[in-house]
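Summary of the model geometry
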Amino acid sequence: MTWVRTSIVLIAVLVLTVWVSGGPQRGGTAAAARKLSPADATASIVAATRALTSALDEGARSKVQFPFEGPQKARWSNLPSGIFQRQGLRMGDLTPAQRAAVMNLLQTTLSPDGFRKVTEIMRGDEVLRTTGGGAPGGRGGGRGRGGPGSGGLIFGEDEYYLAFVGTPSTTSPWMLQFGGHHLAINLTLWGSEASMTPSLPAAQPASYTFEGKEIRPLGKENDKAFALINALDAAAQRQAILSSRVADLVLGPGQDGRVIQPEGIRATALSSAQQTMLLDIVREWAGIMTDSFAEPRMAEIRGNLPETYFAWSGSTTNGSAAYFRIQGPTLVIEYAPQQGSVDHIHTIYRDPTNDYGAKLLAK
Amino acid sequence: MTTARSSWRSKRAVALTLILVLAGAVAISAHRRDEYLQAARIAIDPDRVEIALDLTPGISVAADVLARIDRDGDTFVSPDEARAYARELQRVVALDVDGAPLRLELVDDTFPPVEAVRNGEGAMRVNLAAPLPPLAAGVHHLRYRNSHRSDIGVYLANALVPANDRVEVTAQRRDADQRELIIDYVLRPPRTHPRVQLSAGVALMSMLGVWRRRRRMESR
């Protein structure tokens, strides 16, 4: 009976989303959400959360819900389960129908490209699990010998968690949190406004084969950045390229509230075409959330372009492990290969003025 | 009794973790391996410098780093052992302004679970601070240098955007591996409070008025 009820709810959400968007479109609910106003996008996301919670039992509902004021907001990490204990609804504990409802919620919340990125990062972690990456001593089904909480690292698609910080609402502030190893999406919503910072999309392996296709979750970020650094002339490269090695993210997890001094070449020193390339890189992060929110965010970043900097560390030959940073008054993006490996990438996306929706809440 | 038992249990768990980690030919992916990341974020105020130092040993060097911290070798890092290690950092980090050495104080330290450190993902945090001597308005240079565990260390050093608008960072110069960072900054003179400016203006105008009235009376 439960699956019947869940199916009915899911169909209802689908019909509602299509109805709100004005008709069926290729690409499903996310494509539909692309056409929505920000307020309608929030309504659509809230509807998807209700569809999910109605498919959960009481225990699961209490797991997913957290008070808006509390420690849960900042409880995210790039680390795998076993050494970082997330709170919330664990994907591995859900029925197939409940899992589908979570994915429907993500598809409604994110842009098609953002949804692709998130699912490819999760699938990459599944690759890590099945190739024994998580098991000390080698292959072992992905669960480290010590088990959770005692040093065993746990990888795979089951180890991603969903949390609602505050009650999903079209009129009050709340936050949707989804994350696991190499992924943290923190989306604060308040009516027609949204902030998806801080968020951490990362990847290992950064390239793998799935169903005969090469998958690179962060491939476009990498390729577009190399294209930009190589589009600069020698003098501009000298301004952009830092003289020292940058070994990791400077403003990764645990660095909330910090703003580092910008470095590199200022966007005003770039040609118009190069500025467009820079914004195109930024969109890889800002565009993870649905276009209804990504467009105003991009407009804000575009407005701050004269105060935005692009910094680079490492070789300029694509295929090398190179660090880059884009920083403006409301933006920090860092892309950091780990220990010189192109197959293990960490990135961070922040808005120093609006992490966890601070600016929205101050209004 | 309960505390003693739970402490024993936690020690046993840590020891078990150590055995498991060392027993296997560890092939854990996704984590820093043979490097010891030491990331400094430096905040400059007109009269004070603060350094937040995050230290993350990779999985292959964690045992070596921990051995130096866990001095009694009981596979448990006590608050005293963590504090002693923080003091070692305090001694080894060098800071000067315009060539004059600054005396760093240990503000606090936090130590993550030992198993997180052993897995190459635990970051120890050491907060240091130094008072600055009275400096004249103008250009100054703050030099930070960290040579701790240079055999395995990789370093990050960054100036934070100053919270006080009297301080403006104008450049950051580093060596190739970021062990050393020189921050060039401008210190502006303290601003006079608007009320003081207003009072001074009113007083000046009053004096001018009195002077003009006297001159007028004298000319009659």
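Refer to the preceding data block for the structure.
Residues numbered from 1 in each chain as written. Chains lettered and ligands numbered in written order. Predicted model: local features only at pLDDT ≥ 70, side-chain atom pairs only at ≥ 80, totals over all residues. Heavy atoms only, no water.

1. Describing the overall build of chain B
Quick reminder of the rule: A helix here means a DSSP run of H or I that spans at least four residues, while a strand means a run of E at least two residues long, and both kinds are numbered starting from the N terminus. Note that accessible areas follow from Shrake-Rupley with a 1.4 Å probe, and for residues the cover is restricted to the protein chains shown.
Looking only at helices and strands, chain B features 5 helices and 10 strands. Of the roughly 11,900 Å² of accessible surface on chain B, a fraction of 55% belongs to carbon and sulfur atoms.

2. Looking at the sheet that holds strand S14 (residues 341-350) of chain A
Residues and elements named next belong to chain A. Worth spelling out the cut-off: Pairing between strands is defined by DSSP: at least two bridges between the two strands are required.
In spatial order, the strands read S10-S11-S12-S13-S14; together these 5 strands make up an open sheet with antiparallel pairing. Each edge of the sheet is formed by a strand with only one pairing partner; in this case those strands are strand S10 (265-266) and S14. Pairing of S10 with strand S11 (residues 309-313) involves 2 bridges; the strand directions are antiparallel. Each bridged residue has a counterpart across the sheet, and for Ile265 the counterpart in S11 is Phe310.

3. What to know about the packing of aromatic side chains
The geometry of an aromatic ring pair is captured by the separation of the ring centres together with the interplanar angle, meaning the angle of the planes. Residue and element names in this part refer to chain A. The condition that has to hold: Only Phe, Tyr and Trp rings are paired, with Trp represented by its six-membered ring, and only when their centres lie within 6.5 Å; those with planes under 30 degrees apart are stacked, over 60 edge-to-face, the remainder tilted. For every residue, the accessible area obtained with a 1.4 Å probe (protein chains only) is divided by the maximum for its type, and the residue is called buried under 20%, exposed over 50%, and partly exposed between those limits. Any Lys NZ or Arg CZ found within 6 Å of a ring centre and within 35 degrees of that ring's normal is scored as a charge over the ring.
For the coordinates displayed, the defined rule picks out 8 aromatic pairs over all chains. Note on Phe310 and Phe324: the rings are 6.3 Å apart at their centroids and 50° apart in plane angle, and the pair reads as tilted. Within this pair, whereas Phe310 is found in strand S11, its partner Phe324 is found in strand S12 (residues 323-328), the two being separated by 14 residues in sequence. There is no split in this pair, since Phe310 and Phe324 are both buried. An aromatic cluster is built from Phe226, Trp285, Phe310, Trp312, Phe324 and Tyr335, whose rings are joined through pairwise contacts. The positively charged end of Lys73 is found above the aromatic ring belonging to Phe68, 3.8 Å away from the centroid.

4. As for the pattern of salt bridges
Any two side chains of opposite charge can pair, so long as their charged atoms come close to each other. All names here are of chain A. Cut-off, in case you're wondering: The term salt bridge refers to a pairing of a side-chain nitrogen on Lys or Arg with a carboxyl oxygen on Asp or Glu at a separation within 4 Å.
If you walk through the whole model with that rule in mind, you get 40 salt bridges over all chains. The residue Arg90 makes a salt bridge to Asp93 at a minimum N-O spacing of 2.8 Å. Asp93 sits in the partly exposed class, given a relative accessible area of 48%. Residue Glu300 is joined to Lys359 by a salt bridge in which the shortest nitrogen-to-oxygen separation is 3.0 Å. Of the two residues, Glu300 is situated in helix H10 (residues 291-303) and Lys359 in helix H11 (residues 358-362); the sequence distance between them amounts to 59 residues. Overall, the relative accessible area of 28% leaves Glu300 in the partly exposed class. Each of Lys117, Glu221, Lys224, Asp280 and Glu284 takes part in salt bridges that share partners, so that together they form one network.

5. Side note on the side chain of Arg350 of chain A
Residues and elements named next belong to chain A. Short version of the rule: Identification of polar contacts relies on pairs of N or O atoms within 3.5 Å, with a donor-acceptor requirement for protein atoms, meaning one able to donate a hydrogen and the other able to accept it, and with residues adjacent in sequence counted only if both atoms are side-chain atoms.
Structurally, the position occupied by Arg350 is in strand S14. One polar contact links Arg350 to Asp256, side chain to side chain, over a distance of 2.8 Å. Within the structure, the side chain of Arg350 is placed 3.0 Å from the side chain of Asp355, a separation counted as a polar contact.

6. Structural notes on the layout of surface pockets
To find leftover empty space, one rolls a probe the size of a water molecule over the atoms. Keep this limit in mind: Using protein atoms alone on a 1 Å grid, points that fit a 1.4 Å probe yet trap it form a cavity, whereas open point sets bounded by protein on both sides within 12 Å along at least five of seven lines form a pocket; residues with an atom within 4 Å of a point count as lining. Grid points are joined across faces, edges and corners, and a volume is the space filled by probe spheres set on the points. Each residue gets one of three labels, nonpolar for Ala, Val, Leu, Ile, Met, Phe, Trp, Tyr, Cys and Pro, charged for Asp, Glu, Lys and Arg, and polar for the others, Gly among them.
Volume-wise, the largest pocket comes out at about 1,000 Å³. Considering the residues around the largest pocket, the lining is formed by 42 residues, among which Asn78 and Pro253 of chain A together with Thr56, Glu121 and Ala123 of chain B are closest to the centre. Those elements giving two or more residues to the lining of the largest pocket turn out to be S14 of chain A together with strand S1 (36-45) and strand S2 (48-57) of chain B. Looking at the lining of the largest pocket residue by residue, the class counts come to 17 nonpolar, 16 polar and 9 charged. The volume enclosed by the second largest pocket comes to roughly 380 Å³. Gln261, Pro262, Glu263 and Tyr309 of chain A together with Val161 of chain B are, among the 19 residues lining the second largest pocket, the residues nearest its centre. With 4 residues, strand S9 (residues 167-174) of chain B is the largest single contributor of residues to the lining of the second largest pocket. Split by residue class, the lining of the second largest pocket holds 10 nonpolar, 6 polar and 3 charged.

7. Some thoughts on the pairing of strand S3 (residues 93-97) of chain B
Sheet faces and side chains relate simply in a regular strand, where the side chains alternate between the two faces. Residues and elements named next belong to chain B. Most of S3 is tucked away: 4 of the 5 residues are buried. When S3 meets strand S7 (residues 138-146), the two strands line up antiparallel, connected through 5 bridges. What sits directly across from Val93, in S7, is Asn146. Where S3 lies against strand S4 (residues 100-101), 2 bridges are found, and the strand directions are antiparallel. The residue of S4 that forms the bridge with Asp96 is Pro101. Counting the residues between successive antiparallel strands, the hairpin from S3 to S4 contains 2 residues, one of them, Asp98, with a positive phi of roughly 50°.

8. Section: helix H7 (residues 219-231) of chain A
Under the convention used in this document: Multiplying 1.5 Å by the helix residue count minus one yields the expected span of that helix. The contact criterion used is simple: two residues touch if any of their non-hydrogen atoms lie within 4.5 Å.
Between its first and last C-alpha, H7 of chain A extends 18 Å over 13 residues, near the 18 Å set by a 1.5 Å rise per residue. Residues of H7 of chain A that are buried in the fold lie against helix H6 (112-130), helix H8 (234-240), helix H9 (272-286), S11, S12 and strand S13 (331-338) of chain A.

9. So, empty space enclosed by the protein
All names here are of chain A. Taken as a whole, this structure holds 3 cavities of 30 Å³ or more when the rule is applied. A volume near 110 Å³ is recorded for the largest cavity. If you trace the largest cavity, you find 16 residues lining it, with Arg75, Arg86, Gln177, Phe178 and Gly179 closest to the centre. Where the lining of the largest cavity is concerned, the elements lending two or more residues are strand S3 (161-165), strand S4 (174-180) and strand S5 (183-190). Top contributing element to the lining of the largest cavity by residue count: S5, with 4 residues.

10. Points about a nonpolar patch on the surface
Quick note on the threshold: A patch is a set of surface residues, each over 30% in relative accessible area and not in a salt bridge, joined within 9 Å for like charges and within 5 Å for the nonpolar side chains Val, Leu, Ile, Met, Phe, Trp and Tyr.
On the surface, a nonpolar cluster with roughly 350 Å² of combined accessible area is contributed by Met205, Leu208 and Trp211 of chain B. Looking at where Met205 of chain B falls in the secondary structure, it is placed in helix H5 (residues 194-219).

11. Let's talk about the environment of Ala184 of chain A
Residue and element names in this part refer to chain A. Mapped onto the secondary structure, Ala184 falls in strand S5. The exposure class of Ala184 is buried, given its relative accessible area of 2%. Each C-alpha atom of the pair Ala184 and Ile121 lies 11 Å from the other, and the pair is 63 residues apart in sequence. Once residues within four sequence positions are removed from consideration, Ala184 is found in contact with Trp76, Phe178, Gly179, Ser199 and Leu200.

12. Considering the nonpolar core
Condition: Working definition of a nonpolar core: buried Ala, Val, Leu, Ile, Met, Phe, Trp, Tyr and Cys residues. They are joined through side-chain atoms within 4.5 Å.
By size, the foremost hydrophobic cluster in this structure holds 68 residues, and its most contacted members are Leu162, Phe178, Phe310, Phe324 and Ile326 of chain A. Broken down by element, this core gets its largest block of residues, 6 residues, from H9 of chain A. When near neighbours in sequence (up to four residues on either side) are disregarded, Leu162 of chain A contacts Leu52, Val64, Gly88, Leu89, Val102, Leu105, Leu176, Gln177 and Phe178 of chain A. If you look at the next biggest cluster of nonpolar residues, it comprises 41 residues, including Leu55, Val117, Met124 and Val169 of chain B.

13. Examining H6 of chain A
Helix length check: H6 of chain A (19 residues) gives 27 Å between terminal C-alpha atoms against 27 Å at 1.5 Å per residue, within 8%. Buried residues of H6 of chain A: Gly114, Phe115, Lys117, Val118, Thr119, Glu120, Ile121, Met122, Gly124, Asp125, Glu126 and Leu128 of chain A, and no others.

Purely spatial values, then, with no claim about function.
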